[in-house]
Amino acid sequence: MNIEYKDIHDFKKEDLQELFLSVEWSSGHYPEKLVIAMKNFEKVYTAWDGEKLVGLICAMDDGIMTAYIHYLLIRPEYQHMGIGKKLVEMIKQAYKDYLRVVLVAYNEELGFYESCGFEKAKDSSPMFITELWT
C-alpha cells in the first residue's frame, strides 16, 4: 500500500461523506457543508490510497499565535498504520512558529495525542454547543 499525502481544499462530497461516515461522525450526513468547510479551513492535509480518501486533518488559526485542530479522521481499516501520526506531524510542522496548537480530544484518544506530543490541560475543560436554538 502506497499512501500519498496531499495539501488540498477541494473535495468531491462523496469522498468526504464516505470518510466521515466510516468513523460514524454525524458530519458525514452533511457532505455539501463539509465541502464548503474544507475550503474555509486554513490547513487541510489528506491521505489517499489511490483514489480513496483514507485520512484527513484540518486546522484553523489566527494567523500568528494559535491554531486549532478541528478534525482528524482515519478510516478504521487504515488505523494503526502511522497515517494519523503523519498527518499530525504535517500540522505541527505547518504551525511550528505558533505559540500553541490546540485540540479537543475524547478520553479514548488521549493516548494517541500524548504520543504525538500533546499534553492534557490540567485547568480547563472543553465546552460545546451542539444544537442551535430556534
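Read on for a plain summary of the structure. (Residues numbered from 1 in each chain as written. Predicted model: local features only at pLDDT ≥ 70, side-chain atom pairs only at ≥ 80, totals over all residues. Heavy atoms only, no water.)

**Digging into the packing of helix H1 (residues 13-22) against helix H2 (residues 31-40)**
Going by this rule: Axis definition: a line fit to C-alpha positions, over the contact stretch in the case of helices; interaxial angles, taken between N-to-C directions, run 0 to 180 degrees. Helix and strand labels come from DSSP, where a helix needs a run of H or I of at least four residues and a strand needs a run of E of at least two; each type is numbered from the N terminus. In these notes the angle categories are as follows: under 35 degrees is roughly parallel, over 145 is roughly antiparallel, 65 to 115 is roughly perpendicular, and the rest is oblique. Residues are treated as being in contact if the distance between any of their heavy atoms lies within 4.5 Å. Residues are grouped as follows: Ala, Val, Leu, Ile, Met, Phe, Trp, Tyr, Cys and Pro are nonpolar; Asp, Glu, Lys and Arg are charged; all remaining types, including Gly, are polar.
Following both chains from N to C, one finds H1 and H2 inclined at 105°, their axes separated by 8 Å at the closest point. Between H1 and H2, the crossing angle belongs to the class labelled roughly perpendicular. Residues Lys13, Leu16, Gln17 and Phe20 of H1 lie in contact with H2, whose contacting residues are Pro31, Glu32, Leu34, Val35 and Met38. Residue composition of the contact of H1 with H2, by class: 6 nonpolar, 1 polar and 2 charged.

**Considering the pattern of salt bridges**
Just so we agree on the cut-off: Basic side-chain nitrogens of Lys or Arg form a salt bridge, by our definition, when they fall within 4 Å of a carboxyl oxygen of Asp or Glu. Under the scheme applied here, a residue whose accessible area is under 20% of the maximum for its type counts as buried, over 50% as exposed, and between as partly exposed, the area being computed with a 1.4 Å probe on protein chains only.
For the structure shown, the criterion picks out 4 salt bridges. The salt bridge involving Glu18 is made with Arg75; its shortest N-O contact spans 3.3 Å. With Glu18 in helix H1 and Arg75 in the loop between strand S4 (66-74) and helix H3 (83-94), this pair connects stretches of sequence that are 57 residues apart. On the basis of relative accessibility, which here comes to 8%, the residue Arg75 falls in the buried class. A salt bridge links Glu89 to Lys92; the shortest N-O distance between them is 3.2 Å. Placement of the pair is Glu89 and Lys92 together in helix H3, with a separation of 3 residues, close to one helical turn.

**Comments concerning the nonpolar core**
Quick reminder of the rule: In plain words, nonpolar cores are sets of buried Ala, Val, Leu, Ile, Met, Phe, Trp, Tyr and Cys residues tied together by side-chain atoms within 4.5 Å.
Of all hydrophobic cores here, the largest spans 22 residues; its most connected members are Ile57, Leu72, Ile83, Leu87, Ile91 and Phe118. In terms of residue count, the dominant contributor to this core is H3 (5 residues). Residue contacts for Phe118: discarding those within four places in its chain leaves Ile69, Val88, Val101, Leu103 and Tyr113. Among the nonpolar cores identified, the runner-up in size contains 16 residues, and Phe11, Phe20, Val44 and Leu73 belong to it.

**Some points on H1**
Just so we agree on the cut-off: The arc in question is the one traced by the directions running from the helix axis out to the C-beta atoms.
All of the buried residues in H1 are Asp15, Leu16, Leu19 and Phe20. Axial view of H1: buried residues confined to an arc of 115°, hence all on one face. In the segment just after H1, Glu24 is the residue with positive phi, at about 60°.

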